[in-house]
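A structural walkthrough
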Amino acid sequence: MRGADLSDLEALAWQIELGADEAIGDAPVNRFEEAKATETPVTEAPAMESKPAAPRGSDVSATTASGAPPGPDTDAHPRIAEAGSLEDLAEMLKAWDGTPLKEGARNFVFSDGLPGAHLMVVGEAPGAEEDRQGKPFVGRAGQLLDQMLAAIGLSRSETDPAKAAYITNILPWRPPGNRTPSEQEAGMFVPFVERHIQLAGPRVILTMGNTPTKALLKTTTGIKRMRGNWVRHEATALPLIPTFHPAYLLRQPADKRLSWFDLIAVKKALGGEEPQIGTPL
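Summarised in this report is the structure supplied together with it. (Residues numbered from 1 in each chain as written. Predicted model: local features only at pLDDT ≥ 70, side-chain atom pairs only at ≥ 80, totals over all residues. Heavy atoms only, no water.)

Scanning the entire structure with this criterion turns up one cavity of 30 Å³ or more. Of the pockets and cavities examined, the largest cavity occupies roughly 80 Å³. Considering the residues around the largest cavity, the lining is formed by L93, V109, F110, T168, N169, I170, L171, P172, F189, F192, V193 and H196. Every element with two or more residues in the lining of the largest cavity is listed here: β3 (165-169) and α6 (183-200). (1 Å grid on protein atoms, 1.4 Å probe; cavity = no way out; pocket = protein on both sides within 12 Å on 5 of 7 lines; lining within 4 Å. Points joined across faces, edges and corners; volume = space filled by probe spheres on them. Helix = DSSP H or I, 4+ residues; strand = E, 2+ residues; numbered from the N terminus.)

The next point concerns the sheet that holds strand β5 (residues 231-233). Taken in spatial order, the six strands make up an open sheet running β1-β3-β2-β4-β6-β5, and their pairing is mixed. The outermost strands of the open sheet, each flanked by one partner alone, are β1 (112-113) and β5. Where strand β2 (residues 119-123) and strand β4 (residues 204-208) come together, four bridges link them in parallel fashion. Bridge pairing in β4 places V122 opposite T207. (Pairing = 2+ DSSP bridges.)

Looking now at the packing of helix α3 (residues 86-95) against α6. With their axes 10 Å apart at the nearest point, α3 and α6 run at an angle of 165° to one another. For the element pair α3 / α6, the angle class is roughly antiparallel. Crossing angle aside, the handedness with which α3 passes α6 is left-handed. On the side of α3, the interface is formed by L86, L89, M92 and L93, while α6 contributes F189, F192, R195, H196, L199 and A200. When its residues are assigned to classes, the contact of α3 with α6 shows eight nonpolar, one polar and one charged. (Axes fitted to C-alpha atoms, helices over the stretch in contact; angles between N-to-C directions. Parallel < 35°, antiparallel > 145°, perpendicular 65-115°, else oblique. Left-handed = near helix turned anticlockwise from the far one by under 90°. Contact = heavy atoms within 4.5 Å. Nonpolar A, V, L, I, M, F, W, Y, C, P; charged D, E, K, R; others polar.)

Moving on: helix α5 (residues 140-151). Relative to the 16 Å expected for 12 residues at 1.5 Å per residue, α5 spans 17 Å between its end C-alpha atoms, a close match to the ideal helical length. Looking one or two residues beyond α5, the residue adopting positive phi is G153, at roughly 80°. (Expected span 1.5 Å × (residues − 1).)

With that settled, consider α6. For an α-helix the count is 3.6 residues per turn, leaving residues at separations of three or four pointing the same way. Taking 1.5 Å per residue, 18 residues should reach 26 Å; α6 reaches 24 Å between its end C-alpha atoms and fits that length. At V190, α6 shows its maximal bend, which comes to roughly 40°, and the proline P191 appears one to four places after that position. Taken as a whole, α6 has its buried residues at E185, A186, M188, F189, V190, F192, V193, E194, R195, H196, I197 and A200. (Bend = angle between axes of the 7 residues up to and from the residue. Buried < 20%, exposed > 50% of the residue type's maximum accessible area, 1.4 Å probe, protein only.)

Turning our eyes to something else, we now look at the pattern of salt bridges. Summed over all chains, the structure comprises nine salt bridges. As a salt-bridge pair, E129 and R132 come within 2.7 Å of each other at their nearest N and O atoms. With E129 and R132 both in helix α4 (residues 128-133), this residue pair falls three residues apart, about one helical turn. Residue D146 is joined to R156 by a salt bridge in which the shortest nitrogen-to-oxygen separation is 2.9 Å. Linking D146 in helix α5 with R156 in the loop between α5 and β3, this pair joins segments that are 10 residues apart in sequence. The class for D146 is partly exposed, based on a relative accessible area of 32%. Each of D112, D146 and R156 takes part in a single network of salt bridges with overlapping partners. (Salt bridge = Lys/Arg side-chain N within 4 Å of Asp/Glu carboxyl O.)

Let us now look at the layout of surface pockets. Of the voids in this model, the largest pocket is the one considered here, and its volume is about 630 Å³. Surrounding the largest pocket, 28 residues form its lining, E124, H245, A247, Y248 and R251 being those nearest its centre. Of all the elements in the fold, those that place two or more residues in the lining of the largest pocket are α4, α5, α7 (210-217), α8 (223-226) and α9 (246-251). The element contributing the most residues to the lining of the largest pocket is α9, with four residues. Classifying every residue of the lining of the largest pocket by side-chain character gives 12 nonpolar, nine polar and seven charged.

With five of five residues buried, β3 lies mostly within the body of the structure. Alignment of β1 against β3, held across two bridges, turns out to be antiparallel. Bridge pairing in β3 places G113 opposite Y166. Where β2 and β3 come together, five bridges link them in parallel fashion. If you follow V121 over to β3, its bridge partner there is I167.

Below you can see the structure in the form of structure tokens.
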């Protein structure tokens, strides 16, 4: 009997470990019937207006109380033309409250390189390393960009405008988690970037990746179709050629050869050859 008693105690201990620590009796109890008996009638609440769900992949923080993405600061954009220098534009942009992105970023990332350089490179947005240092293209993608520029005789550290490059991004603040900026986010910054181009005074614009290409050219066509095609940037009348973003090339090194063709086209244009301007696809 002692062995049987010990077995019962072990079984009880095992049940307690599983969470069965309350004795409820020998007969089964219908808890649903108990709930109905003690249920308090609930007055139906008035119907509330439903709000559309945020699109998949959208930044929930970048929405207003109405559920819609925030629009541009209507007071800031008309004043952009008042920025008479790159310093004025940077201060205006830093003070702009039209986006929540800066709340989650560490640093404001405006530009690098030589203002007045004949080539202006426009990328997407700061990454983690760019956010730490406050400069565009300083991570692995930035190292590849420097190699690409060096291959056609250019450098961001040059003081000769003909041999220098000036670099910026569509967004000056890092999106949370390094996510791709939404089209609305990129669109809000286009007036700032267009004024940036006017003040920097390049001869040629090189956009890198989908985000700056679509935003500046106001197109929905992807970078794989747009790259390598010269188009006229409407707001500045400058020749613009899109190519792949260096971060993409790090993932798809086989496409470096296509970017090399684009870089050769840039070199020829900077050397005086007239770009064959087409219409945006």
